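# Observations on the model geometry
The residues making up each chain are set out below.
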Amino acid sequence: MKKTILFATIAIAAIGGLSACQKDTSKIISVCASELPHAKILDECISPLLKADGYTLEVKTLDWSIQNDAVANGEYDANYFQHVPYLKTYTGSTPLYAACKVHYEKLCLYANDTTKKSVANGSKIEIVNDVSNVERALKLLEANSILTINASNYDANKTFTFPTDNPNSGVTFSSGYENCALTCVKEAQLCASLSDYDFGVIPGNTALTGFGAELASRIVFGENPTAETISDKANIIAVKKENKDSAKTKELVKVFQDASVSTYITKTFGESVLYHFENGLTTDFLAA
């Protein structure tokens, strides 16, 4: 009898010790993100807001190309790097969900040095090779009278496709720019390869990371986005669809709509990043 009691006591103690060693993650929110402005916003602005509500934020900077898989595989609770049109291209077996929209990064044309102020006939221009962002780059150049997007890039449903392997066949250059040329380049290489071109149309987060203090001095012109464009291309917090109503997701959505987030983004990034919040828990952006 004494041996039975002894063994039971040991077993209970062992179970208790094991439980004590296991980390309670119910109040830890892990987010993978691009470095700028995403991880900076998380670390400097969102983390204190979560801490005030009893949560701890863990942020990991990852290459954007693996972040959706990382969330789908359960390695992180959420990611922060993309807009809804890009998320719609994700083909993983585990569906993801746009929990909320947070900010919009202005797309700009950047010069390969700080002395160039305008595109000239014969200029070589690099643009991103991601079709979800190509149209946006071309519209920026079209708005500045450098080219016209060929109607053949749109099907009967107005869905945009583009020959990224031969981008010049998808546009018509305007008078005075006939000898200009486009080249599609992977987003991660845009800043490093800009020295091989005269100009580059580069997404905001990539430019922030690549140019640092020279960012503003390299800008030739930027977007004047409509409210519709800002909403469509606003960067989002993405989670596994099965977790969209979890306490952690609801907490992230709550803090991102705090007024201090808008103040922080405007003060820190100026005109290059615009705060834009929309609640994905009340509107399914992917179904739109």
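A brief look at the structure comes next. What you see is a predicted model, and the numbers here were worked out from it, not measured in a lab.

Conventions used here
- Residues numbered from 1 in each chain as written.
- Predicted model: local features only at pLDDT ≥ 70, side-chain atom pairs only at ≥ 80, totals over all residues.
- Heavy atoms only, no water.
- Pairing = 2+ DSSP bridges.
- Helix = DSSP H or I, 4+ residues; strand = E, 2+ residues; numbered from the N terminus.
- Axes fitted to C-alpha atoms, helices over the stretch in contact; angles between N-to-C directions.
- Core = buried A, V, L, I, M, F, W, Y, C linked by side-chain atoms within 4.5 Å.
- Buried < 20%, exposed > 50% of the residue type's maximum accessible area, 1.4 Å probe, protein only.
- Contact = heavy atoms within 4.5 Å.
- Phe/Tyr/Trp six-rings, centres within 6.5 Å; stacked < 30°, edge-to-face > 60°.
- Lys NZ or Arg CZ within 6 Å of the ring centre and 35° of its normal.

Spatially, the six strands line up as an open sheet ordered β2-β1-β3-β12-β4-β13, and their pairing is mixed. A single partner strand is all that each edge strand has here, and the edge strands are β2 (56-61) and β13 (273-279). When the angles between neighbouring strand axes are averaged without regard to direction, this sheet yields 30 degrees. As paired strands, strand β1 (residues 28-33) and β2 are joined by six bridges and run parallel to one another. Paired with Val 31 across the two strands is Val 59, which belongs to β2.

Another point: the nonpolar core. In globular proteins that are soluble, nonpolar side chains generally tend to be buried together. Ranked by internal contacts, the top residues of the largest apolar core, which has 44 residues, are Ile 46, Tyr 80, Ile 237 and Phe 256. Per-element accounting of this core gives the leading share, eight residues, to helix α2 (residues 35-52). Setting aside anything within four residues of it in sequence, one finds Phe 256 in contact with Ile 41, Leu 42, Ile 46, Tyr 80, Cys 100, Val 102, Ile 237, Val 261, Tyr 275 and Phe 277. Within the second largest apolar cluster, 25 residues are counted, among which are Val 134, Ala 137, Ile 149 and Phe 199.

Let us now look at the packing of aromatic side chains. Inspection of the entire model under this criterion finds seven aromatic pairs. With a centroid separation of 5.8 Å and an interplanar angle of 75 degrees, the aromatic rings of Trp 64 and Tyr 86 are classed as edge-to-face. Taken together, the residues span a long stretch of sequence, with Trp 64 in the loop between β2 and α3 (67-72) and Tyr 86 in helix α4 (residues 84-87) at a distance of 22 residues. On the accessibility criterion, Tyr 86 (19% relative accessible area) is buried. An aromatic cluster of at least three residues, connected via ring pairs, comprises Trp 64, Phe 81 and Tyr 86. One residue, Lys 116, lies across the ring of Phe 199, its end atom 5.9 Å from the ring centre. Between the NZ or CZ atom of Lys 244 and the centre of the ring of Tyr 97, over which it lies, the distance is 5.3 Å.

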